[in-house]
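Listed below, chain by chain, are the residues.
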Amino acid sequence: MINDVLFPRDAKKTLTVERRHNHYRNCRPDRRNRIETAFAPLSFLPPELWQYIFLCAATNEHPSTETAPLLLCRVCSVWRDIAISTPQLWRSITVVVTSFGKARPNINLVSLWLERSQTLPLLLSLSQNSNSTENLDIVGEVLSVFRAHSSRWQSLDLNLPGTDARWIGEALEVDTPILEEFRVRGYCASPGIGLFQRFSHPTPRLKCISVPWFPVNLLLRGAETIDIPWSQLVSLFVGSLTNLSDVFTILRECTRLQVCEFGIYDLDDTPSAQYSAVCHKNLRELQLHIPCHYFQEFLESTILPGLETLAVDEHGSGFKPEWPHSQFVDHMHRSGSHLKVLCLCSSDWSWSAHCIGFFNHPALQSLIKIVVKDESNCRPGSPLFRHLLQEMLEAHEYVASESGAPCVLPSLAVLEIKGCFSPEDILALLKMAKARRARKNQVAQLKVLNIECCHSLTFTEDYCKRIKRFRKGLKLQILPHHLIQYKSLR
């Protein structure tokens, strides 16, 4: 290839080495550039290696001429040919319909993009900024392009707030033999079974469903033509359920479920005696957005032996019930589970004396990450938060005891707390982290400490120096930045 650039084919055998150098020196600048390009080390890389490099450079952002793969097509013809012949670069696309009724990227590019993916499974995402008539027309055109490749859908993510759910359901009534993930974000108009009409077509590989609502009473007892593959689901996210019975019904149907998130609103005051116990052996991660008064009902009616992550976001009770400590302890004992991640987010839970020693429970000694957030945004804050924080602040005696007694929470590595703090509280937490480092052969070191303050903090120069000394070996973040001066901390 290099000789073809340097010399005509009929002169290759007659030119000596010296004459070749003279020929190169006498070449026009543009021809000399071609010769130098041909001799460049990168020119000798095989296409397969270029393809690997391009795949490493690809991003999941929405298509732009400033990012791969479109940027790669603008460098040179060789890169363009390699990028176009690499279908893995084109199997994922995010389309955004702006408020002006325009798609980014445009419809023609979306069609060309999917054609370049050849026969690979597709990861598709579509979102809009408003539900105007112009936007709906463009969304319909994008969905039509998507429908032409429905046999290759592997993941479909739609964020179409305000759009009629029945219209979305009708647009998605196509065969999707390899669809694994189906997500709809944003609360759609006309909630009902319309969105789920697409499940009248078989989805033998479907593993994940994420939807803003789930009409369990209709899907399980009503529309017989809609066959959601409950038994094969591994992940399920439902933004809104109407009662606790729906949660138990879903857990009974989804026997392979490992990750789930439920938002429970407008609950009926159904007596707990009507709930039969639910045992789910495969569930690993559970997140509940639930009024705290009904969290007790959930704990009393479930057995989750494989649970590793529990996140509870309490909301909307209107009164301050007591944290269901005895029910929580009984649930953990009955299930025999060992949590690794515990997240508690509340503004209303109260605390009582019999809850002291919360982190002493054997089922919590496997915790790697603890997240406690007080959403009351006022002083002195949630009673639950204050008591949990107090247990954390008893650094040398409780969480990181320097005595011969076993250390509580020996695996703790990440601690995230939001609430009302004083500089002394933050300093006490850092002392706890330092005490744990002193016992590094017996307990895991606390690596991450994230503190989010609900009010402004003022650090004196002395506190800044002490914090700087104690934070050694710790990834410390104190938020929000605009309430705290960091110059003295660094």
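Values in this document were obtained by computation on a predicted structure and should not be read as measured data.

Reading the values: the criteria
- Every chain is numbered independently, its residues counted from 1 as its sequence is written.
- Side-chain atom pairs in this predicted model are given and counted only at pLDDT of 80 or more, local residue features only at pLDDT of at least 70, and totals for whole chains, interfaces and linings cover all residues.
- Only hydrogens and water are set aside; all other atoms, that is, all heavy atoms of the structure, feed into the side-chain values.
- pLDDT is a per-residue confidence score from the predictor, ranging from 0 to 100.
- Contacts between residues were defined by any pair of non-hydrogen atoms, one from each residue, lying within 4.5 Å.
- Only DSSP runs of H or I covering at least 4 residues are called helices, and only runs of E covering at least 2 are called strands; the numbering of each starts at the N terminus.
- Burial classification: accessible surface area is computed with a 1.4 Å probe over protein chains only, and a residue below 20% of its type maximum counts as buried, one above 50% as exposed, and the rest as partly exposed.
- Orienting the strands away from the viewer, one traces the path from the first strand over the helix to the second; a clockwise path indicates a right-handed crossover.
- Pairing between strands requires that DSSP locate at least two bridges from one strand to the other.
- Throughout this description, the term salt bridge denotes a Lys or Arg side-chain nitrogen within 4 Å of a carboxyl oxygen of Asp or Glu.
- Comment: arc refers to directions from the helix axis out to C-beta atoms.

Novice: Got a minute to help me understand the confidence of the model for the chain in this structure?
Specialist: Averaged over every residue, the pLDDT of the chain is 79; residues scoring 70 or more account for 77%. Of the regions scoring below 50 in pLDDT, residues 1-15 engages in 22 contacts with residues more than four places distant in sequence or in other chains. Within the model, the stretch residues 486-490 combines pLDDT values under 50 with 10 contacts to residues more than four positions away or in other chains.

Novice: What is the right way to read the environment of L195 from this model?
Specialist: Checked against the element boundaries, L195 lands in the loop between β5 (181-185) and β6 (208-211). Distance in space between the C-alpha atoms of L195 and E173 is 9.8 Å, their sequence separation being 22 residues.

Novice: How do you make sense of the pairing of strand β17 (residues 475-479) when you look at a structure like this?
Specialist: Side-chain alternation along β17 places L476 and I478 on a buried face and K475, Q477 and L479 on a face that remains uncovered. Note on the crossover from strand β16 (residues 448-453) through helix α16 (residues 461-470) to β17: the handedness is right-handed.

Novice: Got a minute to help me understand the pairing of strand β1 (residues 92-97) in this structure?
Specialist: In the case of a regular strand, side chains alternate between the two sheet surfaces. Across the 6 residues that make up β1, a large majority, 5, are buried. Across 6 bridges, the pairing between β1 and strand β3 (residues 122-128) is parallel. Residue pairing for β3: V96 is matched across the bridge by S127. As paired strands, β1 and strand β2 (residues 103-104) are joined by 2 bridges and run antiparallel to one another.

Novice: Looking at this structure, I do not really get the pattern of salt bridges. What am I missing?
Specialist: Close approach of charged atoms allows side chains with opposite charge to pair. Within this structure, the stated rule accounts for 3 salt bridges. Among the ionic pairs, E416 bridges to K369, the shortest N-O distance being 3.8 Å. Taken together, the residues span a long stretch of sequence, with E416 in strand β15 (residues 414-419) and K369 in strand β14 (residues 369-374) at a distance of 47 residues.

Novice: Would you take a moment to explain α16 for this structure?
Specialist: One full turn of an α-helix is made of 3.6 residues, so residues set three or four places apart face in the same direction. Among all positions of α16, only Y463, C464, I467 and F470 are buried. The arc that holds every buried residue of α16, seen down its axis, measures 135°, which confines them to one face. Buried residues along α16 sit against α15 (423-438) and β17.

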